[in-house]
Amino acid sequence: MPKAYVFTRYGGPEAEALVEVDRPVPGPGQVLVAVRAAGVNPVDWKQRTGYRRPGESGSHDFPAVFGNEVSGVVEELGDEVRDLAVGDEVFGRPVEGGYSEYALLSVDLIARKPAALSFADAATLPVAAATALDGIAQLGLPSGATVLVTGAGGGVGVAVVQIARARGLRVVGLASEGKKDFVESLGAVHVPAGPGWTERVRAAAPEGVDGVYDLVGADVLTEAATLPADPAKVVTAGAPAEDVEKLGGARVTRFRTSDRLEAVADIVVKGELDPHVTRTFPLDRAGEALRAVEEGHARGKIVIEVAR
């Protein structure tokens, strides 16, 4: 039986386990994918605590498989699937988790993997890179404007900085002191996090901040919202909609479509975005990968690779 990394109830890391599961069977409009890589994101461990993504309702069925982005090879087609074939290399959003040897993907949230793209890099695009692209598009800042990115050294932040730079924006990146060199290597002006950080941003951008892309939430979002002249130029992927809306901003509106996945893959192929996969773990060490993200010390993206 195939293996998957799951949470068996809501709680902490003690609720996680590597277990054997039934091989999924694709339904109409779905494909079964032999997973080669799965991206690790903060939303993964948050779901273990009972968190639901915006628009979701109800509770998980246990055991629930971790993971919200995968790449792999099409193994089996469900009914009504016309544009894909067994053996196609693809990436996308799994229907019910991706830290697994097999995952189901809907044809609405899947794209072919370009040959120039590794499975590891492709597995970082459906959540992190697509969220970055959606938020930058939503801000709609003109070339030459300055955008502040909070959490600039994390998985989504790395993509935000690079996409913003490729669109001609000046980027100020808020991150820990330990990520200074990394953030600067992406083309951003680094500002260390910690007390007094807003004054450091003002010093780094004396002409002002035109927009904010927040990936941290809480007090950081509240302080960041005071920086741009127009509060509508504040978007967040790190806080609930109600938290940012009361400040005059908005949560990032996600375009979860195959077209969007193809767009972010194209950005990588063109050289405008390096996913910066900094660490990989095998499936049987998925817990270590989650801890690295949950503890907030990861630089760039962490990926789980599934051996074949």
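Placed above this text is the structure.
Numbers given for residues are sequential positions, taken from 1 along each chain in its written order. In view of the model being predicted, local features appear only for residues whose pLDDT reaches at least 70, and side-chain atom pairs are presented and counted only at 80 or more, with totals across whole chains, interfaces and linings using the full set of residues. Only heavy atoms go into the side-chain values, all of them from the structure, while hydrogens and water stay out.

Q: What's the story with the sheet that holds strand 2 (residues 16-20) in this structure? I'm lost.
A: Strands pair in a sheet through their backbones, by hydrogen bonds, and they do so in one of two ways: parallel or antiparallel. Here 3 strands make up an open sheet; going across it, the order is 2-1-4 and the pairing antiparallel. Each of the sheet's edge strands pairs with one partner strand only, and the pair in question is strand 2 and strand 4 (64-65). Two strands form a pair only when DSSP identifies at least two bridges running between them. Helix numbers and strand numbers start at the N terminus; a helix is a DSSP run of H or I with at least 4 residues, a strand a run of E with at least 2. Looking at chain direction, strand 1 (residues 3-7) and strand 2 are connected through 5 bridges and run antiparallel. Across the sheet, residue Lys3 finds its bridge partner in strand 2, namely Glu20.

Q: I keep staring at the nonpolar core and nothing clicks. Help me out?
A: Most often, soluble globular proteins keep nonpolar side chains buried together rather than apart. Here the nonpolar core consists of buried residues drawn from Ala, Val, Leu, Ile, Met, Phe, Trp, Tyr and Cys, with membership extended through side-chain atoms lying within 4.5 Å. Whether a residue is buried, partly exposed or exposed follows from its accessible area with a 1.4 Å probe, protein chains only, as a fraction of its type maximum: under 20%, in between, or over 50%, in that order. Counting 41 residues, the largest nonpolar core has Leu125, Val149, Val160 and Tyr213 as the members making the most contacts within it. Elements with a minimum of two residues in this core: helix 3 (125-139), strand 8 (146-150), helix 4 (155-166), strand 9 (170-175), helix 5 (180-185) and helix 9 (258-269). When residues of this core are assigned to their parent elements, the largest contribution, 8 residues, is made by helix 3. Look past the residues within four positions of Val149 in its chain and what remains in contact with it is Gly157, Val160, Val161, Val171, Val172, Gly173, Leu174, Tyr213 and Leu215. Val70, Val90, Ala298 and Ile302 belong to the second largest nonpolar core, which has 29 residues in total. Contacts: residue pairs with any heavy atoms within 4.5 Å of one another.

Q: How should empty space enclosed by the protein be read in this particular structure?
A: To find the voids left in a structure, one rolls a probe of water-molecule size over its atoms. A cavity here means a set of 1 Å grid points, computed over protein atoms only, where a 1.4 Å probe fits but cannot escape. A pocket is an open set with protein on both sides within 12 Å along at least 5 of 7 lines, and lining residues have an atom within 4 Å of a point. Grid points are joined across faces, edges and corners, and a volume is the space filled by probe spheres set on the points. Under the definition given, this model contains 2 cavities of 30 Å³ or more. The space that makes up the largest cavity amounts to roughly 50 Å³. At the level of elements, helix 3 and helix 4 are the ones that each hand at least two residues to the lining of the largest cavity. Under the scheme applied here, ten amino acids are nonpolar (Ala, Val, Leu, Ile, Met, Phe, Trp, Tyr, Cys and Pro), four are charged (Asp, Glu, Lys and Arg), and all others, including Gly, are polar. Residues that form the lining of the largest cavity fall into these classes: 7 nonpolar, 2 polar and 1 charged. Among the secondary structure elements, those contributing two or more residues to the lining of the second largest cavity are helix 3 and helix 9. A class-by-class count of the residues in the lining of the second largest cavity yields 5 nonpolar, 1 polar and 4 charged.

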